[in-house]
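Single-letter residue listing:
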Amino acid sequence: MHTSTYFPLLRAACAGILLLATSACGSAPAQDAPPAPGNAGLLAQIQAEVGAASCDSTQQCQTIAIGTKACGGPERYLAWSSKSNDGKKLKALAQAQAEASRKQQQADGMMSTCSIVTDPGATCEAGRCVLQKSGLGGSSAM
């Protein structure tokens, strides 16, 4: 065959590869990204366990990893308070939710950005534990 015959095929193959590569990319999930359908109940239980996350000092504020990305690592973090919660049930729920998320992603053949979501740490603001702004760091309960 003549090289002019291969050029359109090569161009189509490159376009297909580019389309596949860009479809696997996307923006990182937002702090309040919707959960996978099978995880909604577990996420609701986690949020109920976190409750108001009331605090008297930053020392009571912790973070917990929520969900999992297809490439590994958490989807995001939630702030919680040790003031009225020892975290045992919360950690078990978060672990179960991450495992359910992992199984759902495998079943769906999902891909993620493979970006690393770092633990932002938590602080006490106006009597409530909240995530610190990006770049400030902090300690994790997990």
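Residues numbered from 1 in each chain as written. Predicted model: local features only at pLDDT ≥ 70, side-chain atom pairs only at ≥ 80, totals over all residues. Heavy atoms only, no water.

Some words on the side chain of Q97
Move 1: Tracing the backbone shows Q97 in helix α3 (residues 88-108).
Move 2: Q97 sits in the buried class, given a relative accessible area of 3%. (Helix = DSSP H or I, 4+ residues; strand = E, 2+ residues; numbered from the N terminus. Buried < 20%, exposed > 50% of the residue type's maximum accessible area, 1.4 Å probe, protein only.)

Some points on the confidence of the model for the protein
Move 1: On average, residues of the protein score 75 in pLDDT, and 67% of them are at 70 or above.
Move 2: Considering only residues more than four positions removed or in separate chains, one finds that residues 138-142, a stretch of pLDDT under 50, has 19 contacts. (pLDDT = per-residue confidence, 0-100. Contact = heavy atoms within 4.5 Å.)

Remarks on the nonpolar core
Move 1: Core analysis: the biggest nonpolar cluster contains 20 residues, and I46, V50, I64, I66, L78, L90 and C129 have the highest contact counts within it.
Move 2: Taken together, the elements giving at least two residues each to this core come down to α2 (40-50), β1 (61-66), β2 (76-81), α3 and β4 (128-131). (Core = buried A, V, L, I, M, F, W, Y, C linked by side-chain atoms within 4.5 Å.)

Description of α3
Move 1: Given a rise of 1.5 Å per residue, 21 residues ought to cover 30 Å, and the 30 Å separating the end C-alpha atoms of α3 matches this to within 8%.
Move 2: Residues L90, L93, A94, Q97, A98, S101 and Q105 constitute the buried set of α3. Here the buried residues of α3 occupy an arc of 135° about the axis, which is enough to place them on one side. Exposed positions of α3 whose direction lies more than 90 degrees from the buried face are K88, K89, Q95, K103, Q106 and A107. (Expected span 1.5 Å × (residues − 1). Arc of directions from axis to C-beta.)

Notes on the pattern of salt bridges
Working definition: two side chains of opposite charge can pair if their charged atoms are close together.
Move 1: Summed over the entire model, instances satisfying the criterion amount to 3 salt bridges.
Move 2: As a salt-bridge pair, R102 and E99 come within 2.4 Å of each other at their nearest N and O atoms. One end of the pair is R102 and the other is E99, both in helix α3 and 3 residues apart, which spans about a single turn. (Salt bridge = Lys/Arg side-chain N within 4 Å of Asp/Glu carboxyl O.)

Details of the state of the cysteines
Move 1: For the coordinates displayed, the defined rule picks out 3 disulfides.
Move 2: Linked covalently through their sulfurs, C55 and C124 form a disulfide whose S-S length is 2.0 Å. For the disulfide bridge between C55 and C124, the dihedral angle about the S-S bond is near 95°, and by the sign convention the bridge is right-handed. Of the two residues, C55 is situated in the loop between α2 and β1 and C124 in strand β3 (residues 122-125); the sequence distance between them amounts to 69 residues.
Move 3: Its relative accessible area of 5% is what places C55 among the buried residues.
Move 4: Linked covalently through their sulfurs, C71 and C114 form a disulfide whose S-S length is 1.7 Å. Taken together, the positions of C71 in the loop between β1 and β2 and C114 in the loop between α3 and β3 put the pair 43 residues apart, joining distant regions of the chain.
Move 5: On the basis of relative accessible area, C71 is assigned to the partly exposed category, the value being 46%.
Move 6: With its disulfide-bonded cysteines labelled consecutively along the sequence, the protein is connected as 1-5, 2-6, 3-4. (Disulfide = S-S within 2.5 Å.)

Concerning the side chain of Q60
Move 1: As for its position among the elements, Q60 is in the loop between α2 and β1.
Move 2: Given a relative accessible area of 17%, Q60 falls into the buried group.
Move 3: Engagement of the side chain of Q60 in a polar contact is seen with the backbone nitrogen of D56, the distance being 2.5 Å.
Move 4: Not counting residues up to four positions away in its chain, the partners in contact with Q60 are C55, W80, S81, S82, K83 and C129. (Polar contact = N/O pair within 3.5 Å; in protein donor to acceptor, adjacent residues only side chain to side chain.)

A closer look at the pairing of β3
Move 1: Bridge analysis of β3 against β4 gives 4 bridges, and the strand direction is antiparallel. Bridging from a neighbouring strand, T123 pairs with V130 of β4.
Move 2: Where β3 folds back onto β4 in an antiparallel hairpin, the turn is made up of 2 residues, including A126, whose phi is positive at roughly 55°. (Pairing = 2+ DSSP bridges.)

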